[in-house]
Structures are given as structure tokens and as C-alpha cells.
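# Structure assessment
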Amino acid sequence: MGLTKALRWGCFGVLGLLAGCGGMDDGGAPEEASGPGHTDAQVTAPAEAVEAAPALTLHDGHRVQATPPVAPLPSQFQPGFHQALRLSGGVGSITTYRLKIPVGRAGSRVRVTFRSGDGGMTLQRATVAKAGANGALASAPVTLTFNGNAGFTANARTLVTSDPVAFPVGFRDELALSFEVKGEVAQSMIDAFPDSWMKTGAFATTQGALGGQQWQRSLAVATVDVEGAPGRAFVAIGDSITEGYMDTFNDTRNAWPALVEKQLGVPVVNSGVSGQGFWDANLQLPQEVLALQGVTDCIVLLGTNDLGAADMTVEKLEQRMTQILDQLQPRCRLWVSTLLPKEKTNEGSYDVVKVQRRAFNEWVRKLTRAEVIDLEAVMRQPGNADLFIDGLEVDGIHPSAEGHRVMAAEVARVLKEKGGL
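Attention in this report is confined to the structure presented alongside it. (Residues numbered from 1 in each chain as written. Predicted model: local features only at pLDDT ≥ 70, side-chain atom pairs only at ≥ 80, totals over all residues. Heavy atoms only, no water.)

## With respect to the side chain of Asn-282
Secondary-structure assignment places Asn-282 in helix H5 (residues 278-290). Judged by relative accessible area, which is 14%, Asn-282 ranks as buried. Non-local contacts of Asn-282, meaning those with residues more than four positions away in its chain, are made with Arg-320, Gln-323, Ile-324 and Gln-327. (Helix = DSSP H or I, 4+ residues; strand = E, 2+ residues; numbered from the N terminus. Buried < 20%, exposed > 50% of the residue type's maximum accessible area, 1.4 Å probe, protein only. Contact = heavy atoms within 4.5 Å.)

As C-alpha cells, this is what we get:
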């Protein structure tokens, strides 16, 4: 049947139905047609809204078929947790650590990357489970392997990634990573992982409370990747303001990257290092950031610790930020923040610090290679850019918990407005 004849088929075929032709009544009798010139015919609106029909296309044989659905993108691994682990600590004999960490990505499989410290490290066994309270597990521990082996021995400052393991996780699930280790182990700069534990001996498969003593630093576990539907994945690069330092004991869940993650529903992993400046950030970037797989966006908040340093100039600040961005740009979309107010300095002249910070922020605001997040604007007093709004800082340099909430709200706002989230 040719196309012309098919169109004449009209009310008796699919095309006729889509064209809105009359049908049969409940008794099966045909409706009375209006003749030429008949003007009082009425069209009755449907009682309920009519759902739009799916798109149709003509294929071979002039048959009408629905357009095939678009195949979903294949699953991939992207980071759901990360720590830079700049320090190193010695563990003399086999000791079990059980870290309780939040994961900002959902998926069906996980893999864990461990990092050694300034010397060799031996990991004897490691497991992953859902975390319970007080060091207990909320699910049976699943053993991790490394090239099919139960453990590994690594040289200094080496990243070792486990084999993928089937372990379904949801967004913001709390995981318990338990591992038996000795040697030089990389660790974070601050205490920010409450309800984590350590105990001398081999207890990675113990499902009840581990016991021993509390251990609140991220140790050995650099990254947890989760395999799931591909999407946006952010990494935040900075100093103690990003790592989440507020006091002697902290919680990474209260740092602004974690708060942004919670608000936007996408992973925002934390590569902040307390005390970090541009020089060491540039040196460590390949292992602490560029080694991450699946990152789509990078947020940089750096420079506070460089202000007022010996021989530091505004031109050097700009040059070193440029070096950071040069390394990142081939890997991710760039987001750069202005520096927060700084009410005092531990190095150099405070008058110099104020001049350098203001000049650097003006340079950041004019960047065209990166999207700008102006965190100074939401943290400063209206009449003085060098002072925090009351209640948003703890010591004149570091934001308070409320300060982190204000920062996170602004970051999330800009990412929604400019980032398509």
C-alpha cells in the first residue's frame, strides 16, 4: 500500500487516531456525519487530559513504529570519597583500623585506593561494610582483593587500588573500611572522622564493635570509587578551610564540600590539606588530584597561607594559581573562589596580607578560563572586606560551622546557576 493510500486509510488506522478522527460509540453504531455546509456540529472535549503519543517514524514497508529508546550510558567508576593524606605515621606491628566515612555516590560496585606514607607499608587484609555505631558493622564485611591477593606491600608514597567488588551503596551511605596494616601509613592533617577506631592485631573481619581506641584521622584510605551511572563529580582543592578545620576535633561532614554534596546530590570529594599553599599543592597535585578517575569539575580555594610570606608578591600568587589551573584544565571544568577575609596573620606583615589578598581577589574575579565563586562577598562585613561577618569564623582565619554553611550555600547557588545542576 503506497503512502498516499495509507493516508487515505484515515480514521481506520493509527494515523487516523492520531489525527483525531471519530470512532464508534458504546453501542457499536457509527456516529452521524455532518454534511457539507452543516454548521451546528459540536466537538466534545475529552473528560481527562490526553497524554501525548510517543514520537513515530516510518520505517521500511511504510509501517509506523515507535522511535527506539536511547540506550543508557555504560556505568563507570567515579570518586565518592577522597582525602589527600599528606602526613605519614609509623605503625610498628599489625594494627586494625576501622574508618567510618560518608560516600557521596550511589552504585553497585566499589573499589578502594590506599596510600602508603614516607616509607614502605604492608596491608595484610581489608574489608568494606556498612557502618554501624561505636565501631560495629551494620552489614557483613566484604573482603577486598588486590590483583586477586588478600593484601600487598607498597613502597613509599604509592597508591594501590583494590579490585572492584560487588557492594551496593546509596548516596551518602556511611561505610566502614577495616584494614590490617603496618609500616609507614599516609594520614590526614586533622582529626575529622569521628566514630573511627584502631586496635592492635588482626580484626578486619570482626562484625561487632572493634574496641581498642578511637582514631579520628583518615589513614591509608585515599579514595573510594563507586561504579554507577555516569554524572558530575567534583573535587575541592584547598587548605584547612576546605579540609574542615574548626577546632581540635572536627567532622568532615560539616566541611563546605560535604555540605555542597548534600545539597546538590552529586559527589564533591575533599582534597583539602591544612597548611597547604600554592607551592606544595602544585607538587602534590599529580598524586592527590590528577590520579582521581572520573572527576568532571575542580573547585580551587587556595592562597590564604601564601599571603605575607617572605618574597611573596601578588604576581607570584597569580603565577602559582595559573600553574595549578594549567595542570587541572585538561582534566576538569574549572571553578575558582576568591579568598575569605583574614583578620590576622601568623606570618609577615598584616598590612601586606590585606593588600595582597584584595589585589589577588580582584585578579580572580577577572578570570575567564574559570567560573568564579566569590566567597569573600558572602563572608565579609559590608563595611570592611578584611573582617568576617560576626559568627562566621572561629579565630579570624577559619570559618565556623555556620560559616561553612554560608559558603556551601553560595557554592551550590553558583554551581546551579552556571554549572547546569
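## Digging into the packing of aromatic side chains
Inspection of the entire model under this criterion finds nine aromatic pairs. A ring pair is formed by Phe-146 and Phe-152, whose centres lie 4.9 Å apart and whose planes are at 65°; its orientation type is edge-to-face. The two residues Phe-146 and Phe-152 agree in class, both being buried. An aromatic cluster of at least three residues, connected via ring pairs, comprises Tyr-97, Phe-114, Phe-146, Phe-152, Phe-179 and Trp-215. The ring of Phe-77 has Arg-111 sitting right over it, with the charged end atom 4.3 Å from the ring centre. Over the ring of Phe-203 we find Lys-199, and its NZ or CZ is 4.4 Å from the ring centre. (Phe/Tyr/Trp six-rings, centres within 6.5 Å; stacked < 30°, edge-to-face > 60°. Lys NZ or Arg CZ within 6 Å of the ring centre and 35° of its normal.)

## Comments concerning the environment of Arg-172
Within the secondary structure layout, Arg-172 lies in the loop between strand S9 (165-169) and strand S10 (173-187). Of the residues examined, Arg-172 reaches a relative accessible area of 22% and is grouped as partly exposed. In this structure, the C-alpha to C-alpha distance between Arg-172 and Gly-80, residues 92 residues apart in sequence, is 8.7 Å. A polar atom in the side chain of Arg-172 sits 2.5 Å from the side chain of Glu-261. (Polar contact = N/O pair within 3.5 Å; in protein donor to acceptor, adjacent residues only side chain to side chain.)

## Examining the sheet that holds strand S17 (residues 333-337)
The sheet built from five strands is open, its strands ordered S15-S14-S16-S17-S18 with parallel pairing. Edge positions in the open sheet fall to strand S15 (268-270) and strand S18 (371-373), since each of these has one partner strand only. Put simply, the sheet's adjacent strands are angled 25° from each other on average, direction ignored. Against the sheet, helix H4 (residues 256-264) makes contact with strand S14 (234-238), S15 and strand S16 (297-301), and its axis sits at roughly 165° relative to S15, the strand it touches most. Those strands touched by helix H6 (residues 314-328) are S14, S16 and S17, and its axis lies near 170° from that of S16. (Pairing = 2+ DSSP bridges. Axes fitted to C-alpha atoms, helices over the stretch in contact; angles between N-to-C directions.)

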